[in-house]
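# Residue-level structural notes
Here is how the chains run, residue by residue.
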Amino acid sequence: MKTLLTSLVILSGICTTAYGQLKKRLMIAVLLFLGQVCLAQVPAGWTKEQWTEAVANKGSKLLLYADKDMLEASESCMLKIQLIKVPDADPTNETPSLQKEYQYLDLPSGEVNPYTVTNWRIIDGGGNIIGIDKNTVTYTAPKSKPAAGSMTISVDLVPNSPDLPKVQLLKKLYFVRNETAFTLNIPVIGIVNARFTTTGNGGVGAMAKGNVPQMAYDAAKSRGYDLNALTSNAMYIYNPAENSSAITFSALSLEGMDGGSKEVVPNAAILALAYKGKGVGSFPLTVEKQGEQVGVIMTFMQKGCGCSRDAYDNNDTYNCTGKVTITKDDGKTVEGKFNTVIFSDDGAGHIVRGRLQGRFSARKAN
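Residues numbered from 1 in each chain as written. Predicted model: local features only at pLDDT ≥ 70, side-chain atom pairs only at ≥ 80, totals over all residues. Heavy atoms only, no water.

### A few points about the pattern of salt bridges
Applying the stated criterion across every chain yields a total of 12 salt bridges. With a shortest N-O distance of 2.8 Å, glutamate 179 and arginine 195 are connected by a salt bridge. With a gap of 16 residues between them, glutamate 179 in the loop between strand E9 (167-175) and strand E10 (181-186) and arginine 195 in strand E11 (residues 191-197) connect regions that are remote in the sequence. Among the charged side chains, a network of salt bridges with common partners joins Lys68, Glu72, Glu75 and Arg359. (Salt bridge = Lys/Arg side-chain N within 4 Å of Asp/Glu carboxyl O. Helix = DSSP H or I, 4+ residues; strand = E, 2+ residues; numbered from the N terminus.)

### Details of the sheet that holds strand E8 (residues 150-159)
Pairing is mixed in the open sheet, where 4 strands are placed in the order E2-E9-E8-E5. Looking along the sheet, the strands with just one partner apiece sit at the ends: strand E2 (70-71) and strand E5 (115-124). Both E5 and E8 contribute to a ladder of 7 bridges, which runs antiparallel. Looking at the pairing, valine 117 lines up with leucine 157 of E8. (Pairing = 2+ DSSP bridges.)

### Brief notes about the layout of surface pockets
Of the voids in this model, the largest pocket is the one considered here, and its volume is about 550 Å³. Considering the residues around the largest pocket, the lining is formed by 25 residues, among which Leu63, Tyr65, Tyr104, Asn185 and Pro187 are closest to the centre. The set of elements that each furnish at least two residues to the lining of the largest pocket consists of strand E1 (60-66), E9, strand E20 (333-345) and strand E21 (351-364). Per-element tally for the lining of the largest pocket: the top contributor is E1, with 5 residues. Within the lining of the largest pocket, the residues separate by chemical class into 13 nonpolar, 6 polar and 6 charged. (1 Å grid on protein atoms, 1.4 Å probe; cavity = no way out; pocket = protein on both sides within 12 Å on 5 of 7 lines; lining within 4 Å. Points joined across faces, edges and corners; volume = space filled by probe spheres on them. Nonpolar A, V, L, I, M, F, W, Y, C, P; charged D, E, K, R; others polar.)

### As for the confidence of the model for the chain
Averaged over the chain, the pLDDT score is 76; the fraction of residues at 70 or greater is 68%. Across the chain, element-level confidence peaks in strand E7 (residues 136-140) with a mean pLDDT of 96 and bottoms out in helix H1 (residues 18-33) with 34. In the predicted structure, residues 1-44 sits below a pLDDT of 50 and forms 106 contacts with residues beyond four places in sequence or in another chain. Across residues 310-314 the pLDDT falls below 50, and counting only partners more than four positions away or on other chains, this stretch makes 8 contacts in the model. (pLDDT = per-residue confidence, 0-100. Contact = heavy atoms within 4.5 Å.)

### A look at the pairing of strand E14 (residues 265-276)
Summarising the sheet, strand E13 (residues 244-256) and E14 pair through 8 bridges and their orientation is antiparallel. If you follow alanine 246 over to E14, its bridge partner there is alanine 274. With 6 bridges joining them, E14 and strand E16 (residues 295-300) adopt antiparallel strand pairing. Each bridged residue has a counterpart across the sheet, and for alanine 272 the counterpart in E16 is isoleucine 297.

### As for the nonpolar core
Leu184, Phe196 and Met298 are the most contacted members of the largest nonpolar core, which has 45 residues in total. Ignoring anything within four residues of it in the chain, the contact list for phenylalanine 196 reads Thr180, Ala181, Phe182, Leu184, Leu252, Ser253, Leu254, Ala268, Ala269, Met298 and Phe300. If you look at the next biggest cluster of nonpolar residues, it comprises 23 residues, including Leu83, Tyr115, Val137 and Val155. (Core = buried A, V, L, I, M, F, W, Y, C linked by side-chain atoms within 4.5 Å. Buried < 20%, exposed > 50% of the residue type's maximum accessible area, 1.4 Å probe, protein only.)

### Concerning the pairing of E8
Taking burial as the measure, the 10 residues of E8 include 8 buried ones, the bulk of the element. Summarising the sheet, E8 and E9 pair through 8 bridges and their orientation is antiparallel. Residue serine 154 lies in a different strand from E9, and its bridge partner there is leucine 170.

### A look at the state of the cysteines
For the structure shown, the criterion picks out 1 disulfide. A disulfide bridge connects cysteine 307 with cysteine 320, and the sulfur atoms are separated by 2.1 Å. Here the disulfide of cysteine 307 and cysteine 320 is right-handed, its torsion about the S-S bond being about 95°. With cysteine 307 in strand E17 (residues 303-309) and cysteine 320 in the loop between strand E18 (317-318) and strand E19 (323-329), this residue pair connects regions lying 13 residues apart in the sequence. In this structure cysteine 305 is not part of a disulfide, and its nearest cysteine sulfur, from cysteine 307, lies 8.4 Å away. (Disulfide = S-S within 2.5 Å.)

### Structural notes on the packing of aromatic side chains
Any pair of aromatic rings gets described here by the distance separating the centres and the angle formed by the planes. On inspection of all chains with the given rule, the structure shows 5 aromatic pairs. Ring centres of phenylalanine 182 and phenylalanine 338 lie 6.1 Å apart, and the angle between their planes is 40°; this geometry places the pair in the tilted category. Linking phenylalanine 182 in strand E10 with phenylalanine 338 in strand E20, this pair joins segments that are 156 residues apart in sequence. Each of the two residues, phenylalanine 182 as well as phenylalanine 338, counts as buried. Ring pairing ties together the aromatic residues Phe182, Phe249, Phe338 and Phe360, which thus form one cluster. Between arginine 195 and the ring centre of tyrosine 174, over which it is positioned, the NZ or CZ distance is 4.8 Å. (Phe/Tyr/Trp six-rings, centres within 6.5 Å; stacked < 30°, edge-to-face > 60°. Lys NZ or Arg CZ within 6 Å of the ring centre and 35° of its normal.)

### A word on unusual backbone geometry
Unusually for a residue other than glycine, serine 74 sits at a positive phi of about 65°. With respect to the helices and strands, serine 74 occurs in the loop between E2 and strand E3 (76-85). For asparagine 267, which is not a glycine, the phi torsion comes out positive at approximately 50°. Tracing the backbone through its elements, the reader meets asparagine 267 in strand E14.

### Side note on the side chain of threonine 198
Counting through the fold element by element, threonine 198 comes out in the loop between E11 and helix H3 (214-222). Looking at threonine 198, the relative accessible area reads 14%, which means it is buried. Side chain to side chain, threonine 198 and asparagine 233 meet in a polar contact 3.5 Å long. Other than its neighbours up to four places away in sequence, threonine 198 contacts Thr180, Asn233, Ala251 and Leu252. (Polar contact = N/O pair within 3.5 Å; in protein donor to acceptor, adjacent residues only side chain to side chain.)

If you want it as C-alpha cells, here you go:
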C-alpha cells in the first residue's frame, strides 16, 4: 500500500494511461487490504446481570460516540453512550478468525443498564446541549471558532452496583472552516480522535524552478493533465470512460489523538477515495451495481483501514456508508466532505469497526 500514492506520475513522457495506472494501484491496494467480513448481529435478551458481568470483567469498553467529529459554525451532531463487546473466545467455533467482529452496542436504557447516566456538560469550547434521553444528546457547535479550535463534552456514569467503578466519558469535537482535515476513530485499537491535516499542495509546483523539464509540463498539457495537480499531495482526477472520480491525499500529517502524543507527525498517512460521477453534488460511497469500484482506503502508522466492495467475490463486503458531497468545483479545485464507517483489524484476527470523517480541497488534474 505504501506505493499507492507515491508514483502517480513520471515527470517526462506522461502517457494517456496515467489515470488508469492510478486507479489500478488504488483498487489493487483496496483489494489487498479488504478480505471477508461477517457483520455482527446486535444480541437480544441481555439481562442486567449479563451487562454488569460484561463491564466488570472488561469484556467490553464504554465510549462516548459522535456521528460527526468535525463541526462548522452552529452545526449539530448526535452524541450517545456505547459499549464495545469483545468477541467471545470459543475454541469450538470453526468460524475463521477474520469473521469475528467487535460489536458497538448502544448502552441500554431502563432496568438493564448497569449505570445511571447523569451530568452531561460542555467542558470547554462552548456550544449547546439538548437532551434526547439519558443516553443520547444533540450538541450544537458555537457560532465562532473557540480559541483551542475544539470543544469537549463530558458525561458521568454512576454505577448501579458496588462492584463497578464510576466512569467519566469525554469526547473532543473539532471546529473546522475552509480546511482539509480528517478524523479517524477506531476505539478498540486505541485510535481515538486521530486528526490528520495537509497544509500544502506539494507536487512539482513546489520544486525549485528549473528542476522540472518543460517537456514534462508540455507532455502533461497535451494529454489534458495539469502536472502540478497530478503530482500534488491533494489531487482529484476524473475518468470519463467509467464516469468515476478519484481523490488522493498523499502527505497527511498527524496532529495528535486523544491519549496519544500531541506532537505533529508529518507524512503519517495516505488516503484515497473513489466514487461514480463528477461535479457538484452527493455521490454514494456504497456500491450500487455489481462490479463498481467505489470506496475509501487509508494507511497510517503501519496500519490500514477502508471500506469498499471486494471485486473478487461480490457477496463479501466491507460496507461504506454515507456519501461524498462535493460542494465546489470551479475547474481548478474541488471541495467537499464525507463521513463513513471503515474497517480494520486488531492484530489478533478480529475485525474492528471505526469511523472516518473528512473535509477537503483538492486540485483537479484534468
